[in-house]
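So the chains spell out like this:
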Amino acid sequence: MAEETTQAAGPIRMTSINRMMDAIRYKAQILARTTKLESGIMGMGLLGFAVGLGVIMLCILIPALILGAI
């Protein structure tokens, strides 16, 4: 009788441990994805700023030059 109780408690404990491990694994994956995204943004931030500044300057200067020539 005591052996049956011990065996019945085993799978329940394993199930709760597996659920906790799944939650930990999920949170670790979210953290890793967020870290990769942030490092990618920080690595390309200066280049993105320079390209954006160039596009804005073209959008401002081209119409100003065309209107100035008319």
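Position numbers for residues count from 1 along each chain, tracking the sequence in the order it is written. This being a predicted model, a pLDDT of at least 70 is required before a residue's local features are given, and a value of 80 or more before pairs of side-chain atoms are given or counted; all residues contribute to the totals for chains, interfaces and linings. Remark: hydrogens and water are excluded; side-chain values derive from all non-hydrogen atoms of the structure.

Caption draft 1: Representation of the overall build of the protein within the structure. To qualify as a helix, a DSSP run of H or I must reach at least 4 residues; to qualify as a strand, a run of E must reach at least 2; elements of each kind are numbered from the N terminus. Along the backbone of the protein there are one helix and zero strands. When a residue's accessible area, from a 1.4 Å probe over protein chains only, is under 20% of the maximum for its type it is buried; when over 50% it is exposed; and in between it is partly exposed. A total of 70 residues make up the protein; the buried ones form 0% of that total. As presented, the protein carries roughly 6500 Å² of accessible surface, and 75% of it is formed by carbon and sulfur atoms. Each accessible area is a Shrake-Rupley estimate made with a 1.4 Å probe; only the visible protein chains count as cover when residues are assessed.

Caption draft 2: Main features of the pattern of salt bridges. Salt-bridge detection follows one rule: a side-chain nitrogen of Lys or Arg within 4 Å of a carboxyl oxygen of Asp or Glu. Inspection of every chain in the model, using the stated rule, returns one salt bridge. We note a salt bridge from Asp22 to Arg25, for which the minimum N-O separation is 3.0 Å. Placement of the pair is Asp22 and Arg25 together in helix α1 (residues 2–69), with a separation of three residues, close to one helical turn. Residue class for Arg25 comes out partly exposed when judged on its relative accessible area of 44%.

Caption draft 3: Summary view of a nonpolar patch on the surface. To count toward a patch, a residue needs a relative accessible area over 30% and no salt bridge; like charges are then connected within 9 Å, while nonpolar side chains (Val, Leu, Ile, Met, Phe, Trp, Tyr) are connected within 5 Å. Judged by side-chain polarity, Phe49, Leu53, Ile56, Met57, Ile60, Leu61 and Leu65 come together as a nonpolar surface patch covering roughly 740 Å² of accessible area. Looking at where Ile56 falls in the secondary structure, it is placed in helix α1. Taking relative accessible area as the criterion, Ile56 reaches 47% and is therefore assigned partly exposed.

Caption draft 4: Structural detail: the confidence of the model for the protein. Summing up the model confidence of the protein, the mean pLDDT is 84 and the portion of residues at 70 or higher is 84%. pLDDT expresses how confident the predictor is about each individual residue, on a scale running from 0 to 100. Throughout, a residue-residue contact means that at least one pair of heavy atoms, one from each residue, lies within 4.5 Å. pLDDT under 50 marks residues 1–7. Its contacts with residues more than four places away, or in other chains, come to zero contacts.

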